[in-house]
Amino acid sequence: MKEFKVTPIRNGTVIDHIDVGMALKVLRIIGVRNEVSSTVSVLMHVPSKKNNWKDVVKIEDRELDPKELDKIALISPDATINIIRDYNVAEKFVVEVPERVKGIMTCSNPGCITNKSEPVEPEFVVETKKPPALRCVYCDRMTTDIAENIV
Amino acid sequence: MSGSLKGSDIVSIRDFSREQIERVLEVAEKMVPIARGDEKSSLLEGRILGSLFYEPSTRTRLSFEAAMTRLGGRTLGFDEPRGSSVAKGETLADTIRMVDAYSDVIVLRHTQEGAARLAGHFAEKPVINAGDGAGQHPTQTLLDLFTIRKEKGGIDGNHIVIVGDLKYGRTVHSLSEALSMFGAELTFVAPPTLQMPQEHIKHIETRGIRPKISNSLEEVIAEADVLYVTRIQKERFPDPAEYRKVAGAFTIDREMLRDASDNLVIMHPLPRVSEIDPEVDLTPHARYFDQAFNGVPVRMALLSMVLGGIE
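Bear in mind the structure is a predicted one, so any value in this text is a computation, not a measurement. (Residues numbered from 1 in each chain as written. Chains lettered and ligands numbered in written order. Predicted model: local features only at pLDDT ≥ 70, side-chain atom pairs only at ≥ 80, totals over all residues. Heavy atoms only, no water.)

Engineer: Any chance you could explain the overall build of chain B here in plain terms?
Structural biologist: Within chain B one finds 10 helices and 9 strands. Relative to a compact globule of 311 residues, whose C-alpha radius of gyration would be 19 Å, chain B shows 19 Å and is just as compact. The buried share of chain B, reckoned over its 311 residues, is 57%. Of the contacts made within chain B by residues no fewer than 6 positions apart, 71% connect residues no fewer than 24 positions apart. Within the structure as shown, chain B displays about 13,000 Å² of accessible surface, and the carbon and sulfur contribution to it stands at 47%. Of the side chains in chain B, 37 bear a positive and 45 a negative charge, and the two mean positions are spaced by 3 Å. (Helix = DSSP H or I, 4+ residues; strand = E, 2+ residues; numbered from the N terminus. Rg over C-alpha atoms; globule rule 2.2 N^0.38 Å. Buried < 20%, exposed > 50% of the residue type's maximum accessible area, 1.4 Å probe, protein only. Contact = heavy atoms within 4.5 Å. Areas by Shrake-Rupley, 256 points an atom, 1.4 Å probe, with all protein chains shown as cover. Lys, Arg positive; Asp, Glu negative; His and termini not counted. Charge placed at Lys NZ, Arg CZ, Asp CG, Glu CD.)

Okay, structure coming up:
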């Protein structure tokens with residue numbers, strides 16, 4: 001039987017230790033939809049030394065911006081980012097859940113004023129980091145289902 | 001908020017320190033003769049209250065107007081958005097910017113949660129939250145605390161039984177959190193489907209208070225110093241028969257008060273429907289109409305403090 005392996009990438013980003021099942025959400029966050037000019041590899045439900053299972057996303061010729069990193073941290077606080085340049089790991093770090101988030105998530109409360117046509121960006125205070133629980137600055141409601149509310 | 005309330009927005013009771021609440025209650029006490037009309041005041045003469053009520057309210061709106069008028073100020077605004085620019089689709093942010101230019105302090109009742117916090121971001125003048133959807137209603141909490149303190153001589157150590165719809169009732173969420181700040185003993189009585197949400201219980205426990213949870217008013221009423229009653233709304237029950245059964249079990253009447261202490265005080269944020277039988281109004285326990293009056297001195301205190309008339 002032929003074995004397929006995901007090959008090392010020359011330049012780009014490897015997002016490792018993604019919470020199992022979250023890889024597709026990560027793709028949505030980094031904007032991988034139809035118009036992608038480079039190779040994107042997704043590994044789902046692979047064995048992990050840290051936890052039992054993990055997801056991994058490799059994206060060639062792309063580095064992530066701070067907003068994307070914040071979003072990944074919120075849905076998968078243990079994810080690690082490996083920035084690859086010329087086949088070498090140029091930088092490696094664990095994502096960091098921010099203290100406050102603004103403009104990257106909607107409030108889960110349909111009755112919240114920020115879900116109406118008001119000229120404000122939803123803003124949250126991070127009350128707990130693992131697992132992330134965010135309190136809306138406006139309506140005070142806690143949001144724990146982050147993945148559903150990321151924009 | 002820290003120290004003086006001058007220029008501050010009053011959005012949530014969580015924004016207050018215990019000292020600030022105590023100061024509001026002290027100032028409110030001094031306002032009582034003016035609120036009754038026994039004394040005159042021109043403390044806020046020439047000041048304008050912008051009063052924006054996006055949904056109906058009787059007590060809150062009228063008591064804010066009474067408070068401003070008793071202190072020599074005036075009120076402008078609307079008590080329903082129909083006929084105003086809001087009906088034409090204006091955002092809250094724009095309405096607030098406009099009223100901010102016309103008044104010295106803004107009182108806002110809105111259908112959406114978080115509306116008062118948003119208004120505070122757009123207004124330079126202080127914004128007082130008069131209820132935002134199912135969210136916060138801090139002036140109600142302050143007048144409830146004022147009533148308990150006045151009737152019982154203090155808040156600490158009193159056993160306060162809160163009964164009714166504890167799941168959706170915004171009044172009881174803010175009140176129970178504030179009471180825990182003052183070290184009151186708390187019991188929550190509700191049908192299991194309408195019990196106090198865990199999030200609020202956890203918040204109360206961070207203050208070192210362990211509230212008791214009960215499904216039976218009869219079992220706890222004898223030990224209560226204050227009985228705080230709220231309405232169980234019919235629309236929370238898909239089955240009308242189930243509603244009647246639950247509502248009946250939590251109705252306060254003379255029979256229910258048989259084992260109550262002589263000094264029991266009964267409060268209700270009003271309006272009531274059938275949860276307190278009118279025969280209870282004639283007992284020495286009933287304080288809900290005094291409580292409604294207390295809205296005036298408490299709101300006078302807040303208006304004068306945020307406008308800097310009193311430190």
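Engineer: What is the right way to read the domain arrangement of chain A from this model?
Structural biologist: It is common to report an interface's size as the accessible area lost on association of the parts. Residues and elements named next belong to chain A. Here chain A is described as being made up of domain 1 (12-94) and domain 2 (100-149). Each of domain 1 and domain 2 has a C-alpha centre, and these two points are 24 Å apart. In total, about 840 Å² of surface goes out of reach between domain 1 and domain 2, with carbon and sulfur atoms giving 70% of it. Its largest share of buried area at the contact with domain 2, domain 1 owes to Lys67, Leu74 and Pro77, together 54% of the area lost on that side. Applying the counting criterion to the domain 1 and domain 2 interface returns 2 salt bridges. Close ionic contact of glutamate 148 with lysine 25 constitutes a salt bridge, the shortest N to O distance being 3.8 Å. (Domains from an automatic or database assignment. Buried area = accessible area lost by both parts, 1.4 Å probe. Salt bridge = Lys/Arg side-chain N within 4 Å of Asp/Glu carboxyl O.)

Engineer: When you look at the domain arrangement of chain B in this model, what are you seeing that I'm missing?
Structural biologist: Residues and elements named next belong to chain B. The assigned domain composition of chain B is domain 1 (13-136 + 295-306) and domain 2 (139-291). Here the C-alpha centre of domain 2 lies 26 Å away from the C-alpha centre of domain 1. Listed as interface residues are 30 residues of domain 1 and, on the opposing side, 23 residues of domain 2. For the domain 1 and domain 2 pair, buried surface summed over both sides reaches about 2,200 Å², with 59% attributable to carbon and sulfur atoms. Taken as a group, Arg14, Arg18 and Leu25 account for 28% of the area that domain 1 buries against domain 2, more than any other trio of residues on that side. Linking domain 1 with domain 2 are 3 salt bridges, by the criterion used here.

Engineer: I keep staring at empty space enclosed by the protein and nothing clicks. Help me out?
Structural biologist: Over the atoms rolls a probe the size of a water molecule, and in doing so it shows where empty space is left. Counted according to the given criterion, the structure contains 2 cavities of 30 Å³ or more. Here the largest cavity is characterised by a volume of approximately 50 Å³. Along the walls of the largest cavity sit Val137, Tyr138, Cys139 and Asp140 of chain A together with Val11, Ser12, Gly114, Arg117, Asp132 and Gln136 of chain B, which together make up its complete lining. Across the lining of the largest cavity, the residue classes tally to 4 nonpolar, 3 polar and 3 charged. Its boundaries defined by the atoms lining it, the second largest cavity holds a volume of some 30 Å³. In terms of lining, the second largest cavity is formed by Ile13, Arg14, Gln136, His173, Ser174, Glu177 and His200 of chain B. For the lining of the second largest cavity, the leading source of residues is helix α6 (residues 170-181) of chain B, giving 3 residues. Class assignment for the residues of the lining of the second largest cavity results in 1 nonpolar, 4 polar and 2 charged. Of the residues that make up the lining of the second largest cavity, three or more belong to each of domain 1 (13-136 + 295-306) and domain 2 (139-291) of chain B. (1 Å grid on protein atoms, 1.4 Å probe; cavity = no way out; pocket = protein on both sides within 12 Å on 5 of 7 lines; lining within 4 Å. Points joined across faces, edges and corners; volume = space filled by probe spheres on them. Nonpolar A, V, L, I, M, F, W, Y, C, P; charged D, E, K, R; others polar.)

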